[in-house]
Amino acid sequence: LCGYAIFGDASEGFLLNNFAVADRPAALLRLATLLSVAAISPLTFLALRDVVAPVLTRGGRLLVPETGLRIALVLIVHALALTFRDVGFIIAIRGALLGSLVCFAMPAIIFLQSARGQAAPALTRALHKLLAGYGFSMAALGTAVILKYG
């Protein structure tokens, strides 16, 4: 909101792109963003590998060589990175989906699952179901708006 208040309709998805290249505080923030992405990327990649490897496992054995899997995943990730020109679009989709689901839907679903078979007031269950529905609705609506208006 602050970025929009400063730059108006000309504001870009990645807010730091609105500032001049010579702007020192913006340059420091760009550097901090680079360091953050560089530091988290190996952890994210390990998580990706840990999710993909079981899919490619039969009888406790990986169907492809470990090195081949790593190389393929790196190539796929880089191909996707080269395909999308605006990372802001990806971040917006992630925010629309995960923001609503993590804040509203998932806590309600966790409560409903943990309260299964236990005495919980009907109003409490109904409100949690409503909250879960709201979370899914907002995730769908946010995603639709981003897909339409980019």
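Refer to the structure above for everything that follows.
## As for the overall build of the protein chain
Part 1 of the argument: Scanning the protein chain from terminus to terminus reveals five helices and two strands.
Part 2 of the argument: Going from the N terminus to the C terminus, the protein chain shows its helices and strands as α-α-β-β-α-α-α.
Part 3 of the argument: In terms of overall size, the protein chain is more extended than a compact globule, its C-alpha atoms giving a radius of gyration of 21 Å where 150 residues would be expected to give roughly 15 Å.
Part 4 of the argument: Taking the principal axes of the C-alpha coordinates as reference, the protein chain spans close to 60 × 50 × 30 Å.
Part 5 of the argument: In the protein chain, which comprises 150 residues, the share counted as buried stands at 15%.
Part 6 of the argument: Considering only contacts within the protein chain whose residues lie at least 6 apart along the sequence, 42% involve residues at least 24 apart.
Part 7 of the argument: A total of about 11100 Å² of accessible surface is found on the protein chain, and carbon and sulfur atoms cover 72% of it.
Part 8 of the argument: The protein chain carries 12 positive and 6 negative side-chain charges, and their two centres are separated by 14 Å.

## As for the environment of lysine 148
Part 1 of the argument: Along the chain, lysine 148 turns up in helix H5 (residues 122–149).
Part 2 of the argument: On the basis of relative accessible area, lysine 148 is assigned to the exposed category, the value being 64%.
Part 3 of the argument: For lysine 148 and isoleucine 90, which are 58 residues apart along the polypeptide, the C-alpha to C-alpha distance reads 14 Å.

## Some words on a nonpolar patch on the surface
Part 1 of the argument: A surface patch of nonpolar side chains, amounting to about 530 Å² of accessible area, comprises Ile76, Leu80, Phe84, Val87, Ile90 and Ile91.
Part 2 of the argument: Of all the elements in the fold, those that place two or more residues in the nonpolar patch are helix H3 (66–83) and helix H4 (87–114).
Part 3 of the argument: Considering each element in turn, the nonpolar patch owes the most residues, three residues, to H4.
Part 4 of the argument: Within the element layout of this structure, leucine 80 appears in helix H3.
Part 5 of the argument: Assessed through its relative accessible area of 46%, leucine 80 is described here as partly exposed.

## Some points on the pattern of salt bridges
Part 1 of the argument: Within this structure, the stated rule accounts for three salt bridges.
Part 2 of the argument: For aspartate 50, the salt bridge goes to arginine 49, with nearest N and O atoms at 3.2 Å.
Part 3 of the argument: Ionic pairing is found between glutamate 66 and arginine 70, a salt bridge with its closest N-O pair at 3.4 Å. Here glutamate 66 and its partner arginine 70 are both found in helix H3, four residues apart, which amounts to about one turn of the helix.
Part 4 of the argument: Within the structure, one salt-bridge network assembled from shared partners comprises Arg49, Asp50, Glu66 and Arg70.

## Section: helix H2 (residues 24–55)
Part 1 of the argument: Helix length check: H2, at 32 residues, gives a terminal C-alpha distance of 46 Å against a target of 46 Å (1.5 Å per residue), a fit within 8%.
Part 2 of the argument: Where H2 bends most, at serine 41, the angle is about 35°, and the proline proline 42 comes one to four residues later.
Part 3 of the argument: The set of residues buried in H2 consists of Ala26, Arg49 and Ala53.
Part 4 of the argument: Tucked inside the fold, the buried residues of H2 contact strand S1 (57–58), strand S2 (61–62) and H3.

## A few points about the side chain of serine 100
Part 1 of the argument: Checked against the element boundaries, serine 100 lands in helix H4.
Part 2 of the argument: Serine 100 sits in the buried class, given a relative accessible area of 12%.
Part 3 of the argument: If we ignore the near neighbours within four places in the chain, the residues touching serine 100 are Gly95, Ala105, Gly135, Met138 and Ala139.

Conventions adopted
Along each chain, residues carry numbers from 1 onward, in the same order as the chain's sequence is written. Local features in this predicted model are restricted to residues of pLDDT 70 or higher, and side-chain atom pairs are both shown and tallied only at a pLDDT of 80 or more, whereas totals for entire chains, interfaces and linings draw on every residue. Side-chain numbers come from the whole structure's heavy atoms, not from hydrogens or water. Here a strand is any run of E in DSSP of at least two residues, a helix any run of H or I of at least four, and the numbering for each starts at the N terminus. We take the radius of gyration over the C-alpha atoms and set the globule estimate at 2.2 Å times the residue count to the 0.38 power. Each residue's exposure class comes from its accessible area (1.4 Å probe, protein chains only) as a fraction of the maximum for that residue type: buried when under 20%, exposed when over 50%, partly exposed otherwise. Any pair of residues with heavy atoms lying within 4.5 Å of one another is described as a contacting pair. Surface accessibility follows the Shrake-Rupley procedure with a 1.4 Å probe radius. Residue values consider only the protein chains on display as shielding. Asp and Glu are treated as the negative residues and Lys and Arg as the positive ones, with His and the ends of the chain left uncounted. Every charge is mapped to an atom, namely NZ of Lys, CZ of Arg, CG of Asp or CD of Glu. Here a patch means residues that are over 30% exposed by relative accessible area and free of salt bridges, tied together within 9 Å if like-charged and within 5 Å if nonpolar (Val, Leu, Ile, Met, Phe, Trp, Tyr). Think of a salt bridge as a Lys or Arg side-chain nitrogen and an Asp or Glu carboxyl oxygen that are within 4 Å of each other. In a helix, the anticipated span is given by 1.5 Å times the number of residues less one. What is called the bend at a residue is the angle between a pair of axes, fitted to the seven residues leading up to and ending at it and to the seven starting from it.

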